[in-house]
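What follows is each chain in one-letter form.
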Amino acid sequence: MANNKKIKSALVSVFHKERVDEIVTKLEKAGVKIYSTGGTKKFIEDLGVEVTAVEELTSYPSILGGRVKTLHPKVFGGILSRRDNDGDVKQLDEYQIPEIDLVIVDLYPFEDTVASGASHPDIIEKIDIGGIALIRAAAKNYKDVIIVPSRNEYDDLIDLLDNNNAHSTLEQREAFAVKAFATSSNYDTAIFNYFNKGNDNLFRASYNDSITLRYGENPHQKGVFFGKFDELFDKIHGKEISYNNLLDIDAAVNLIEEFDETTFAILKHNNACGCASREKLIDAWSAALAGDPVSAFGGILITNKEVDAETAAEINKLFFEVIIAPSYSEKALEILKSKKNRIILVQKPVDMPDSQFRSVLNGVLYQQRDLKQELAEELKPATTLQPDASQVEDLLFANKLVKQSKSNTIVLAKNKHLLASGVGETSRVDALKHAIEKAESFGFDLKGAVMSSDAFFPFADCVEIAHGVGVDCVVQPGGSIRDQDSIDYCNDHNMSMVFTGTRHFKH
């Protein structure tokens, strides 16, 4: 076949040397002429494999402390020449440029260097120039050249050498080229994001790691997760994680991040249906479940403390999809693993990104993550009566929940316990009525409860309705032109209300 090409020559330029010995040994066995430079050349020579120095090919030494090694027409001409173009072939002959059929590159580890906390000059030196140029050149000429752009493609190359007798098809070369452009674009994005500090008018994101999911939000939709899940979690048990699981896990992690004291939360469709803070984990779990034992079925569980055997035994009575905790006792794991499909995750102590983006229409929406967490001293009394210390604790608890719930949302809480919430409603009044209905359906007494709202009250109707069921303390952002209506009602009915000055919409 005309498109089936034999590898006759290769250029090897790598930073890491793992498995290079295996590859160059196979290349030598296949009769491939190898070119290399610098540390890679010495490594190959030490293996006893014949290698030609790039400097011998170009008649130029490596210069500028190694910054310029392969950037030369005799290298790039051999890579970019079109084998079926008479003019290219003639020029190669005229300038004594050998064809290069295979290029193997492992770029300088720019992202790892940044992550290590290295100095700015050291980071700059890890911006690969020659390697990235080799990748792009070889990928552009995929009709004639194989490009191996990273260690991730070594298995594919070895398979080709072992099973195809060092021959490649056009389809194989094109597949390598696709991975090459993915590698180069990801590398450039990492460099851009390192330099792009504080400029919100430019945006780039790139993810090489991916997990193909069983399906997307629904079975008829394809789904893929792009990112390094293993950096955040150790998955120690259970079935494959689904698209919807990942959405709920994200919501759960954002919620539990709000709490320092022992807290347990249960989420369903990205919203908390149960949450409580207590001294003992078993008590936090029991209270959280009591908040809505119906919605908890099939939910996502998360806590910020180690799960012990006592708590695990109670949790095990409920059917749920995922549990997330920083650790588990040995006995707790034994109990929780009794259901083979149950997903058990250990959350690692890794900071979440401080920005968010998502696709909208034909573009992307970008914003800073909502990291604002109200403190007791920041609450601004709006009424004559002020909340006592216990009420302030409940207000802050409720406000954490309202911040991490879908708008419009109202949260009713008492004794650091989510009694009920109304979420995702088109009307704030409907959100409150829904919360009251839920709380009463599970037998909760709302007398002495607090109410939190993610946005201001445009009218006094919400405080009126809340007062009617026993709520006597309110937290809201404030800022409505009719704030005074709600303030007057609270003052007239012996209610306290504080403003935070911060809206917490979430869509």
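Look above for the structure.
Residues numbered from 1 in each chain as written. Predicted model: local features only at pLDDT ≥ 70, side-chain atom pairs only at ≥ 80, totals over all residues. Heavy atoms only, no water.

A. Region of the structure containing the sheet that holds strand 10 (residues 233-237). Sheet architecture is open: six strands sit in the order 10-15-14-13-11-12, paired in mixed fashion. Each having just a single partner strand, strand 10 and strand 12 (271-277) make up the two edges of the open sheet. Within this sheet the neighbouring strands show an average axis-to-axis angle of 20 degrees, counted without direction. Bridge analysis of strand 10 against strand 15 (residues 343-347) gives four bridges, and the strand direction is antiparallel. Bridged to Asp234 within strand 15 is Val346. (Pairing = 2+ DSSP bridges. Helix = DSSP H or I, 4+ residues; strand = E, 2+ residues; numbered from the N terminus. Axes fitted to C-alpha atoms, helices over the stretch in contact; angles between N-to-C directions.)

B. Inspection of the packing of aromatic side chains at higher detail. Counted according to the given criterion, the structure contains 11 aromatic pairs. Ring centres of Phe15 and Tyr108 lie 5.9 Å apart, and the angle between their planes is 75 degrees; on these two criteria the pair is classed as edge-to-face. Of this pair, Phe15 sits in the loop between strand 2 (9-14) and helix 1 (20-29) while Tyr108 sits in the loop between strand 5 (102-106) and helix 6 (110-115), and the two are 93 residues apart along the sequence. Of the residues examined, Phe15 reaches a relative accessible area of 33% and is grouped as partly exposed. (Phe/Tyr/Trp six-rings, centres within 6.5 Å; stacked < 30°, edge-to-face > 60°. Buried < 20%, exposed > 50% of the residue type's maximum accessible area, 1.4 Å probe, protein only.)

C. Looking closely at the pattern of salt bridges. A complete count under the given rule lists 26 salt bridges for this structure. The partner of Asp292 in a salt bridge is Lys438, and the shortest N-O contact between them spans 2.6 Å. Placement of the pair is Asp292 in the loop between helix 13 (281-291) and strand 13 (299-303) and Lys438 in helix 17 (residues 428-441), with a sequence separation of 146 residues. Classification of Asp292 by relative accessible area gives buried; the value is 2%. Owing to a relative accessible area of 18%, Lys438 belongs among the buried residues under this scheme. Between Asp485 and Arg482 there is a salt bridge whose closest N-O contact spans 2.9 Å. On the basis of relative accessible area, Asp485 is assigned to the partly exposed category, the value being 31%. The network of salt bridges with shared partners includes Glu18, Asp106 and Arg151. (Salt bridge = Lys/Arg side-chain N within 4 Å of Asp/Glu carboxyl O.)

D. Inspection of the side chain of Asn141 at higher detail. Secondary-structure assignment places Asn141 in the loop between helix 8 (130-140) and strand 6 (146-148). Ignoring anything within four residues of it in the chain, the contact list for Asn141 reads Ile79, Leu80, Ser81, Arg82 and Arg83. (Contact = heavy atoms within 4.5 Å.)

E. Structural detail: the nonpolar core. Core analysis: the biggest nonpolar cluster contains 52 residues, and Leu27, Ile79, Leu102, Val103 and Ile104 have the highest contact counts within it. No other element matches helix 10 (residues 170-195), which puts seven residues into this core. Formed by 38 residues, the second largest nonpolar core is a distinct cluster that contains Phe229, Ile241, Val402 and Val450. (Core = buried A, V, L, I, M, F, W, Y, C linked by side-chain atoms within 4.5 Å.)

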